[in-house]
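Analysis of the macromolecular model
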Amino acid sequence: MDKPSNFLTEIIDADLAAGKIKEIHTRFPPEPNGYLHIGSVKAIWINWGIAHAYGGKFNLRYDDTNPAREDMEYVNSIREDLEWLGAIPNGGVFYGSDYFDKCYEYAEKLILDGKAYVCDLNRDEMREYRGDDAGKPGKDSPYRNRTPEENLDLFRRMKAGEFADGEKTLRAKIDMASPNMNMRDPAIYRIKHISHHRQGDKWCIYPLYDYAHPIQDALEGITHSMCSIEFENHRPLYEWVIENLGFGEFPKQREFARLNMTNTVMSKRYLRELVELGIVDGWDDPRMPTLCGLRRRGYTPESLINFVQMAGVAKAYSLQDARMLEYCIRTELDTSAERRVAVLNPVKLIIDNIADGDVQTFALPNNPKSETAGTRDVLLTKELWIEKEDFAEVPPPKFKRLTIGGEVRLMGAYIVKCVGVDKDENGDVTAIHCTADIETSNGMPADGRKVKGTIHWVSCKNAVDADIKLYNQLFTEQDMNALPDGADYKDYLNPESVVTLTGCKLEASLADAKPTDRFQFVRNGYFTRDSKSENTFNRIVTLKDSYKI
RNA sequence: UGGGCUGUCGCCAAGUGGUAAGGCACGGGACUUUGACUCCCGCAUUCGCUGGUUCGAGUCCAGCCAGCCCAACCA
């Protein structure tokens, strides 16, 4: 992985050069309310990648301050996905909820300092007092000038469970005239009589993100808290908390644009809905942009990291072309994936000049790019399976494969010449008859004639059957963030997001392939065995410009 | 509407006053027992717009336009 270089690392370099900090400490703070997806990889790569590149520390911290939305299922999946990516939290694994005691202590301190007060306004009233026009100042809450003693008493009674949900909040006393609405006395504690997935019933008041996050960062010694750009408006509040609790210049928050990708929805809400509605098979459906989905599809951690790295870091809205991700996985698999033959849409090819019982062995390279990958023995018999598309009675322009009377190379073996076809009563080709030029088993013909086409094949006696799933984009619309007003994202689902081919003929050595193996099915793309369905291979990505099936 | 942020090639993105990097995509060619890979070549007289400052502006100034975010007791 290359060392990151962007406007964030510039800030870090400056802090380092000024001697303000000696070690970089970052964090990735997901809320456990869904599965990690490729958009998360950007936040992970920025935070983990920078810490890693600078020899610093990186924390995983579950941001679990709202018990209403969080669940252990997500906690576990996040841990798993992060480790799969290789982003090791060398600074530790933490939970925002572990700081509830600290947050509470600091809240009492703010109250005593006259910087926070208990407010009895309900949600609607609070909105009304805050004002709906940031150009004009809001109105002070009638409870704004309660004494610290009174506030402390009330806050303790909030904690003790004396009040119902929504009855009171603790608010930071900042500036009701600020043009930044986040600074108009934001709520920092709310009452929720709900069990927390880790704290149980210990608490009935929970801190809000804007208050809890800077405290968590500060307590963990985070130097740079890098988050997505929608938090930019919250930075003054982040800094207010840091300053008024006496933490100093660090941690500092900086923001970057989140990752979007063509034909992809990234919002956890929609992803959850796709799962709940049964539109996809689950969070790990191979069409999902979740890490578990991409993993099941066959993507590697390296390809994902490489993709976000290639996409870059800036603050402008951007829509990454999904083809860039495909490029990343293709390039990686080209050098690492062993080659195998899979005939997706088979038709029989009969070599007339080979005897019925004759079985010949050819050693085919596992990866022509790699000397260490070795070879495997492939059997050739009189009857073979080839792709239907590799034969054409009436060849389209520039067609390089088999035609009647034409020649083609059987990859790794003979040049064959088509001498005729068998047809059924409908006129469909049932078998293609060829003669092999036996002299060309391992080289070019002696007369120097050129054969342009090369096709792949598998012996009928040595083939295994399997189903093949071809995946395409889940959505037809490119920018799912810019749908017309009133449009539903579900209107843009691609009906051909998965196409299943049955009765495909695979090279026998694929019979015991594992779901973690990745192969290039020669001339068809990169595939891996599906981890959940029997005898099924998933297409990871096509070969570029290869003919499409 | 008020505030914040953003606007450089189809998609990303460098650029920090000295005369537009790079990647993806795309087009053309070479090579090829994968129409893959690889390798060449091409691809912004122009930086949201309009003025201004300057010998010189994508970079500075002014005005305008467009997009995104915020105005939850979500994160």
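Here the structure is a predicted model, which is why all the values come from computation and not from measurement.

Hydrogen bonds along the backbone pair up the strands of a sheet, which may run parallel or antiparallel. Spatially, E19-E16-E17-E18-E12-E15-E20 is the arrangement adopted by the seven strands of the open sheet, whose pairing is mixed. Here the strands that pair on one side only, and so sit at the sheet edges, are strand E19 (454-455) and strand E20 (457-459). When strand E16 (residues 407-410) meets strand E17 (residues 415-423), the two strands line up antiparallel, connected through three bridges. Counterpart to Arg409 in the pairing with E17 is Ile415.

Along the chain, the position of Arg523 falls in the loop between strand E23 (518-521) and strand E24 (525-529). Here the side chain of Arg523 touches Asp390 through a polar contact of 2.4 Å, side chain to side chain.

What follows covers the packing of aromatic side chains. Applying the stated criterion across every chain yields a total of 17 aromatic pairs. Between the aromatic rings of Tyr35 and Tyr74, the centroid separation amounts to 5.8 Å while the plane-to-plane angle is 85°, which identifies the pairing as edge-to-face. Of the two residues, Tyr35 sits in the loop between strand E1 (25-28) and helix H2 (38-53) while Tyr74 sits in helix H3 (residues 72-85), which places them 39 residues apart along the sequence. With relative accessibility at 12%, the residue Tyr35 sits in the buried group.

Our next topic: the protein's contact with RNA strand B. Taken together, the neighbourhood of RNA strand B is formed by 69 residues, with Leu319, Arg339, Lys369, Met411 and Gln520 sitting nearest. By atom count, sugar and phosphate contribute 67% of the portion of RNA strand B lying within 4 Å of the protein. A distance of 3.1 Å is found between a sugar or linking oxygen of RNA strand B and a side-chain nitrogen or oxygen belonging to Arg123. The separation between a base oxygen of RNA strand B and a polar side-chain atom of Arg401 is 2.6 Å. Taken together, the elements giving at least two residues each to the surface near RNA strand B come down to helix H5 (123-130), strand E6 (187-191), helix H11 (301-311) and helix H12 (322-336). The residue makeup of the surface near RNA strand B, split by class, is 24 nonpolar, 19 polar and 26 charged.

Turning our attention to the domain arrangement of chain A. Parsing chain A into structural domains produces domain 1 (7-256), domain 2 (268-338 + 466-541) and domain 3 (346-456). Once you take the C-alpha centre of each, domain 1 and domain 2 turn out to be 35 Å apart. In this assembly, 24 residues from domain 1 lie in contact with 23 residues from domain 2. Carbon and sulfur atoms make up 71% of the area that domain 1 and domain 2 hide from each other, which totals about 2300 Å².

This next bit is on the nonpolar core. Where a protein is soluble and globular, its nonpolar side chains tend to be buried together. If you look at the biggest cluster of nonpolar residues, it comprises 49 residues, and the most contacted ones within it are Ile38 and Leu304. Residue assignment for this core shows that the elements contributing at least two residues are helix H1 (7-17), H2, strand E2 (57-62), H3, helix H10 (291-297), H11, H12 and strand E25 (536-541). Take this core: its biggest share by element is nine residues, from H2. Of the residues that make up this core, three or more belong to each of domain 1 (7-256) and domain 2 (268-338 + 466-541). Sequence-distant contacts of Leu304, defined by excluding residues within four places in its chain, comprise Ile38, Val41, Trp84, Leu85, Leu291, Leu294, Tyr299 and Leu325. If you look at the next biggest cluster of nonpolar residues, it comprises 33 residues, including Phe100, Ile188, Tyr189 and Leu245.

So, on to the environment of Ile415. Assignment of secondary structure puts Ile415 in strand E17. Overall, the relative accessible area of 0% leaves Ile415 in the buried class. Beyond its immediate sequence surroundings of up to four residues, Ile415 is in contact with Glu407, Val408, Arg409, Thr435, Ala436, Asp437, Thr440, Pro445, Arg449 and Val451.

A few words now on the pairing of strand E21 (residues 463-471). In terms of strand pairing, E21 meets strand E22 (residues 498-507) through eight bridges, oriented antiparallel. Looking across to E22, one finds that Lys469 is bridged to Thr500. Alignment of E21 against E25, held across three bridges, turns out to be parallel. Paired with Lys469 across the two strands is Asn538, which belongs to E25.

Between the end of E16 and the start of E17, which pair antiparallel, lie four residues, with Gly412 showing a positive phi angle near 80°. In this sheet, E19 lies alongside E16 in parallel orientation, the contact comprising two bridges. Among the inter-strand pairings, Arg409 is bridged to a residue of E19, identified as Thr454.

A separate point is unusual backbone geometry. Backbone torsion omega between Phe250 and Pro251 reads 0°, so that peptide bond is classified as cis. Within the element layout of this structure, Pro251 appears in the loop between helix H8 (235-244) and strand E9 (252-256). Of note, the phi angle at Asn263 is positive, near 55°, even though the residue is not glycine. Here Asn263 lies in the loop between E9 and helix H9 (268-276). One non-glycine residue, Asn535, adopts positive backbone phi at about 50°. Within the secondary structure, Asn535 is located in the loop between E24 and E25.

The rules we used
Residues numbered from 1 in each chain as written. Chains lettered and ligands numbered in written order. Predicted model: local features only at pLDDT ≥ 70, side-chain atom pairs only at ≥ 80, totals over all residues. Heavy atoms only, no water. Pairing = 2+ DSSP bridges. Helix = DSSP H or I, 4+ residues; strand = E, 2+ residues; numbered from the N terminus. Polar contact = N/O pair within 3.5 Å; in protein donor to acceptor, adjacent residues only side chain to side chain. Phe/Tyr/Trp six-rings, centres within 6.5 Å; stacked < 30°, edge-to-face > 60°. Buried < 20%, exposed > 50% of the residue type's maximum accessible area, 1.4 Å probe, protein only. Near = heavy atom within 4 Å. Nonpolar A, V, L, I, M, F, W, Y, C, P; charged D, E, K, R; others polar. Domains from an automatic or database assignment. Contact = heavy atoms within 4.5 Å. Buried area = accessible area lost by both parts, 1.4 Å probe. Core = buried A, V, L, I, M, F, W, Y, C linked by side-chain atoms within 4.5 Å.

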